[in-house]
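Each chain, letter by letter, is given below.
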Amino acid sequence: MRSPVTGIVALILLFVAIVVAYSSVFTVVQTEQVLVVRLGQPIRVVTEPGLNFKAPFVDTVISIDKRILDLENPSQEVIASDQKRLVVDAFARYRIKNALRFYQSVGSIQAANIQLTTLLNASLRRVLGEVTFIQVVRDEREALMARIRDQLDHEADGYGIQVVDVRIRRADLPEQNSQAVYQRMQTERQREAAEFRAQGGQKAQEIRSNADREATVIVAEANSTAEQTRGAGDAERNRLFAEAYSKDPDFFAFYRSMTAYENGLKSSDTRFLLRPDSDFFRFFGSAGGKSAAAPATPPGAAAPKP
């Protein structure tokens, strides 16, 4: 029959075995790499995920992230080569490629971010200080970010860090400079607009002057043509009158008198102040008129010679 002491010792030994076994294993997840340290000295790095073993109570496991990490850099003021001040807002992406070197140089993510921020600011000032404002903002932005990334990656290599990317989120003039630039641009645009309006007004005046001159010429030519046509019509009318008169002077005299009666005797007023023996009423006394009187000379016809 076993004694109670033997059972207690067995339980203690089982507990110690469980503790030793638990202290001898560790798990590496897919997003981490593990540095095994023995009495303060690193002995190995485990990068593959899975279950691993270590010396119990002696080895220490330090987990280090192997994913791509973010570095948010606060806005910095940089002076370009054309002496223009720029407010640059940039960020970086990096990963830890050498866990042992990383642990020995900086030791933690927080310390690495502080060191990388200093290096990034220095690289920004160094690269952007060699180019102009236009090159930073528009012409060579991609190439400049690549140069900054390469320089930062080279300097961060001593810390076991690989810089994946560097991006300039914003590169602009300071607020007071921006307002001055906007005001200058607005003044320039207003000057150009005034110049365009003046040129347009001058052009419009030229067009109006040309149009008025052409209208005057066209009206004058039309009046000239109208007068020529009217003169030709009057001449043709006189010719027809003269021809008709030469064919039948009596009928022509009768026709002229009838036309005068029609124009003179209106329905509203039929009064005339004339002598009774006036030639105007010669067809009232006789249907043939006053044959003794010489016939009237029609317009445009030559008077008969005595």
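Reading the values: the criteria
- Think of each chain on its own: its residues are numbered from 1, step by step along the sequence as written.
- Residue-level local features of this predicted model are given only where pLDDT is at least 70; pairs of side-chain atoms are given and counted only at 80 or more, and the full residue set underlies all totals for whole chains, interfaces and linings.
- In computing side-chain properties, one takes all heavy atoms of the structure into account and sets aside hydrogens as well as water.
- The criterion for strand pairing is that DSSP finds at least two bridges linking the strands in question.
- Secondary structure elements are taken from DSSP: a helix is a run of H or I of four residues or more, a strand is a run of E of two residues or more, and numbering for both begins at the N terminus.
- Think of each axis as a best-fit line through the C-alpha atoms, taken over the contacting stretch in the case of a helix, with angles from 0 to 180 degrees between the N-to-C directions.
- Think of it in three bands: with a 1.4 Å probe and only protein chains considered, a residue is buried below 20% of the maximum accessible area for its type, exposed above 50%, and partly exposed in between.
- By the convention used here, residues are in contact when the closest approach between their heavy atoms is within 4.5 Å.
- Patch construction takes residues with relative accessible area above 30% that form no salt bridge. Like charges are linked within 9 Å, and nonpolar side chains (Val, Leu, Ile, Met, Phe, Trp, Tyr) are linked within 5 Å.
- Accessible surface is estimated by sampling points in the Shrake-Rupley manner with a 1.4 Å probe; for residues, cover comes only from the protein chains shown.
- A pairing counts as a salt bridge when a side-chain nitrogen of Lys or Arg comes within 4 Å of a carboxyl oxygen of Asp or Glu.
- Residues belong to one nonpolar core when they are buried, are Ala, Val, Leu, Ile, Met, Phe, Trp, Tyr or Cys, and are joined through side-chain atoms within 4.5 Å.

Draft legend 1. View of the sheet that holds strand E5 (residues 59-65). On the basis of which strands lie adjacent, the open sheet formed by three strands has the order E3-E2-E5 and antiparallel pairing. Strand pairing shows two members of the sheet lacking a second neighbour, strand E3 (41-46) and E5, which therefore form its edges. Between one strand axis and the next, the sheet turns through 25 degrees on average, direction left out of account. Judged from the seven bridges that link them, strand E2 (residues 32-38) and E5 form a sheet pairing that is antiparallel. Bridging across to E5, Glu-32 finds its partner in Asp-65.

Draft legend 2. Molecular detail of the environment of Val-78. Summarising the element assignment, Val-78 is placed in strand E7 (residues 76-79). Val-78 gets classed as buried once you look at its relative accessible area, which sits at 2%. When the C-alpha atoms of Val-78 and Leu-173 are compared, they prove to be 9.7 Å apart, with 95 residues separating the residues in sequence. Residue contacts for Val-78: discarding those within four places in its chain leaves Lys-84, Arg-85, Leu-86, Val-88, Leu-124, Arg-125 and Leu-128.

Draft legend 3. View of a nonpolar patch on the surface. Taken together, the side chains of Ile-8, Ile-12, Phe-15 and Val-16 define a hydrophobic patch exposed on the protein surface, amounting to about 400 Å² of accessible area. Inspection of the secondary structure assignment puts Ile-8 in helix H1 (residues 4-23).

Draft legend 4. The nonpolar core, seen in detail. Grouped together as the largest cluster of nonpolar side chains are 35 residues, with contacts concentrated most on Val-88, Leu-116, Leu-120, Leu-128, Ile-148 and Leu-152. Contributions of two or more residues to this core are made by strand E6 (69-72), strand E8 (85-96), helix H2 (99-105), helix H3 (109-128), helix H4 (133-139), helix H5 (141-156) and strand E9 (161-172). Ranked by residues supplied to this core, first place goes to H3 with seven residues. Not counting residues within four places of it along the chain, the set of residues in contact with Leu-152 comprises Ala-92, Leu-116, Leu-119, Leu-120, Ser-123, Val-163 and Val-166.

Draft legend 5. Fine view of the side chain of Asp-89. The topology assignment puts Asp-89 in strand E8. Under the relative-accessibility criterion, Asp-89 is labelled buried at 14%. The residues touching Asp-89, leaving out its near neighbours within four places in the chain, are Asn-73, Ser-75, Arg-167, Ile-168, Arg-169 and Arg-170.

Draft legend 6. Spatial organisation of the side chain of Asn-121. Turning to its location among the elements, Asn-121 is positioned in helix H3. Ignoring sequence-local partners within four residues, the contact set of Asn-121 consists of Asn-73 and Gln-76.

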